[in-house]
Amino acid sequence: MIMVPKDELMKSDRQVAMVFDLNKCVGCQTCSVACKVLWMRDEGMDYQWWCTVNTQPGRGHPRDYENMGGGYRDGVPFPGIRPTREEWGGGWDFNYDEVFYSGKGPSVYLKPLGEPPTWGPNWDEDQGGGEYPNSFFFYLPRLCNHCTRPICIEACPRNAMYKRKEDGIVLRDETRCRGYQFCLEACPYKKVYFNYVKKVSQHCILCYPRIEKGVAPACARQCPGRLVFVGYLDDKNGPIHKLVNEWEVALPLHPEYGTIPNMFYIPPLAPYRLNDDGSIDESTPRIPIEYLERLFGSRVNKALDILKAEMAKARRKEQSELMDMLIVYKWRELFKPFDRDPAELQWK
Amino acid sequence: MLAKKVALDSKTLLDPASPEWEKVPAETINMGGTPLASQPSRYIRTAWADRPIGKVRFLDVRAAHNGKDLLFHLEWRDESRDADYSGRGFPDGAGVLFPLNGDAPLASMGSEEAAVNAWFWQADEPEAARNVRAQGIGTVEDTEKSRIVARSEWKDGTWRLVLSRPLAVADQKGETVQVAAGGSTKVAFAVWEGGSGERAGIKAFSKQWRELTLEG
């Protein structure tokens, strides 16, 4: 068995990318559930959520993943730790039999079996930050970023992970994986999971069987908020290229991790702050800019200014290409060329 | 190293605490950590640059056969019993390595031309041991069959492990070392201290091949 050179495994000719407009996400979790029911029904996948939507500010999933290292710093691999099972949380079995069939009536209620849970995929939902009446939060959907410098692929001593040439999707060969979990340590976003039953790593596969048939990933297609764009990063006519490279309002999460992610976010505008006397303070957004800079880097300032300027244009009834793109009048235009209806497909 | 011929049934010998093993002379092997430079990814080399590799420094090995099975009794000190993946560590492990062709290099886990065979045990599957085959670092594969049986005991900071395999495995030629009474083979050992994050190529190993002779 010949070991393919590492940089061959990490390169691709094209890249499928996604843009999430955080101004539209209401945290409905349709995306995370769509992914979950499609892919995570095998043994050992009970606690896995390849797509999660967490409230920010928040500790995320796994808990405090931003303090677990991984990624690169100044081009050098930055050692990370892998999450413990407790830091992932979730995967609970519930006492359905007791509630439905034991005849104990309302004296029992639905709850997880075993030890009381201490964390889960969306544990600190809606807690957010700030003090009333200036509390604030927004939702952040996260999945594997299918990075352009995927350190997970670099880390694996068995070359069990690789990036597809035709679309840049990062995949793994579960028959090559022996559960060493260097990928979990190395991923700075902690979006690789470990199957404790099969003893292999698992992660978001960007619905590649759907992509191959021209269908958008389940998370994107099922989003009722029309906030997920899917397309090739190099398609100059598509919204991904325009939002990321031309308008530059779509930003990577934690760019300082150095892996060059391909999932992008349009940062959230915030309501104005309220003064003690109840008047509105239009000069300060409720989401502190320092917090957004921590997540998206200093480019977030310009992105927010552009969004505000284009929104003002639209209010003045002037034409705004950006607003037209972000409003998404026609739902299918979110996904070109992956706008095929999955119901049309015949799987052999 | 001699695999002493003993007139005992395999069931008795499989017990790591059996007093019969005390009659088999032990060889204490000095173990050393695998070199950092041979770790096959930049991430691993960076992450382990300042960490000691190969926590277990001494391994007591007793080898025996009863004409039917070849058995190794391994004993090493390990303060923590690590047997699962749920924390930050990994299961403790041990392995016995043999060349499948005479000149297989040890440090690189064999080569394309010369394969190696390992009997590989991990504490999360205490009575199963895998038969693996490798042709270089990063190429370890489980063979379809494994006739290796394991019994283990961790007590008072010490692991005792017995690995046993039938002498006759002619149907696994090319996949596992062929041995017979009176014959010999090279052998090497490895131990993983899982609590310290040791797994894959991060391990203590016996640094060089030893000649193992099966008493005729």
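Structure shown above.
The following paragraphs examine the structure supplied in this document. (Residues numbered from 1 in each chain as written. Chains lettered and ligands numbered in written order. Predicted model: local features only at pLDDT ≥ 70, side-chain atom pairs only at ≥ 80, totals over all residues.)

Before going further, it helps to examine the overall build of chain A. The helix and strand inventory of chain A stands at 12 helices and 14 strands. The C-alpha atoms of chain A give a radius of gyration of 21 Å, which matches the 20 Å a tight globule of 348 residues would have. Looking at chain A as a whole, 43% of its 348 residues are labelled buried. Contacts spanning at least 24 positions in sequence make up 66% of the contacts within chain A whose residues lie at least 6 apart. (Helix = DSSP H or I, 4+ residues; strand = E, 2+ residues; numbered from the N terminus. Rg over C-alpha atoms; globule rule 2.2 N^0.38 Å. Buried ≥ 20, exposed ≤ 12 C-beta atoms within 10 Å, placed from the backbone. Contact = placed C-beta atoms within 7 Å.)

With 19 residues of chain B in contact, the opposing surface of chain A contributes 23 residues. Broken down by class, the residue content of the side of chain B that touches chain A amounts to seven nonpolar, nine polar and three charged. (Nonpolar A, V, L, I, M, F, W, Y, C, P; charged D, E, K, R; others polar.)

Residue and element names in this part refer to chain B. If you trace the backbone, Pro25 turns up in the loop between helix 1 (10–14) and strand 2 (27–30). Judged by the 10 C-beta atoms lying within 10 Å of it, Pro25 falls in the exposed class. Remark: the alpha-carbon pair of Pro25 and Lys4, spanning 21 residues in sequence, is separated by 8.5 Å.

The next thing to look at is the sheet that holds strand 12 (residues 263–266) of chain A. Residues and elements named next belong to chain A. An order of 10-1-12-11 is seen for the four strands of this open sheet, with the pairing classed as mixed. With one partner strand each, in any of the chains shown, strand 10 (228–232) and strand 11 (251–252) form the two edges of the open sheet. Pairing between strand 1 (residues 16–21) and strand 10: five bridges, direction antiparallel. Bridge pairing links Ala17 to Gly231 in strand 10. (Pairing = 2+ DSSP bridges.)

The subject of this paragraph is helix 9 (residues 239–246) of chain A. Those residues of helix 9 of chain A that fall on the buried side of the exposure criterion are A:Pro239, A:Ile240, A:Lys242, A:Leu243 and A:Val244. In this structure, the buried residues of helix 9 of chain A make contact with strand 1, strand 10, strand 12 and helix 12 (321–327) of chain A.

Time to look at helix 11 (residues 299–315) of chain A. Residues and elements named next belong to chain A. Look at helix 11: 25 Å from first C-alpha to last across 17 residues, which is about the 24 Å you get at 1.5 Å a residue. Buried residues in helix 11 make contact with strand 11, helix 10 (289–296) and helix 12. After helix 11 finishes, the residue Lys317 shows a positive phi value of roughly 65°. (Expected span 1.5 Å × (residues − 1).)

Residues A:Val19, A:Cys152, A:Cys183, A:Val228 and A:Val230 are the most contacted members of the largest nonpolar core, which totals 92 residues. With five residues, the top contributor of residues to this core is strand 1 of chain A. The residues contacting A:Val228, other than those within four sequence positions of it, are A:Met18, A:Phe20, A:Cys219, A:Ala220, A:Cys223 and A:Leu334. The next biggest cluster of nonpolar side chains, apart from the first, holds 50 residues, and it includes B:Leu71, B:Phe72, B:Leu74 and B:Phe189. (Core = buried A, V, L, I, M, F, W, Y, C linked by C-beta atoms within 7 Å.)

Attention shifts here to the environment of A:Gly168. All names here are of chain A. On the secondary structure map, Gly168 appears in the loop between strand 6 (161–163) and strand 7 (170–172). Judged by the 23 C-beta atoms lying within 10 Å of it, Gly168 falls in the buried class. For the pair formed by Gly168 and Val19, sequence separation is 149 residues and the distance between their alpha carbons is 16 Å.

What follows is about the pairing of strand 10 (residues 149–155) of chain B. Bridge count for strand 10 of chain B against strand 11 (residues 158–166) of chain B is seven bridges, and the pairing is antiparallel. Note that in strand 11 of chain B the partner of B:Ser152 across the bridge is B:Leu161.

Time to look at the packing of helix 10 of chain A against helix 11 of chain A. All names here are of chain A. Packing of helix 10 against helix 11 leaves a shortest axis separation of 8 Å and a crossing angle of 115°. Relative to helix 11, the element helix 10 is oriented roughly perpendicular. Contacts between helix 10 and helix 11 pair Ile289, Leu292, Glu293 and Phe296 from the former with Arg299, Val300 and Asn301 from the latter. Residues belonging to the contact of helix 10 with helix 11 are distributed by class as follows: four nonpolar, one polar and two charged. (Axes fitted to C-alpha atoms, helices over the stretch in contact; angles between N-to-C directions. Parallel < 35°, antiparallel > 145°, perpendicular 65-115°, else oblique.)

Moving on, we come to unusual backbone geometry. Residue and element names in this part refer to chain A. The peptide bond linking His61 to Pro62 adopts the cis configuration, its omega dihedral lying at 0°. Along the polypeptide, Pro62 turns up in the loop between strand 2 (52–56) and strand 3 (72–73). A cis amide bond, omega 0°, links Tyr132 with the succeeding residue Pro133. Looking at where Pro133 falls in the secondary structure, it is placed in the loop between helix 4 (96–101) and strand 5 (138–142).

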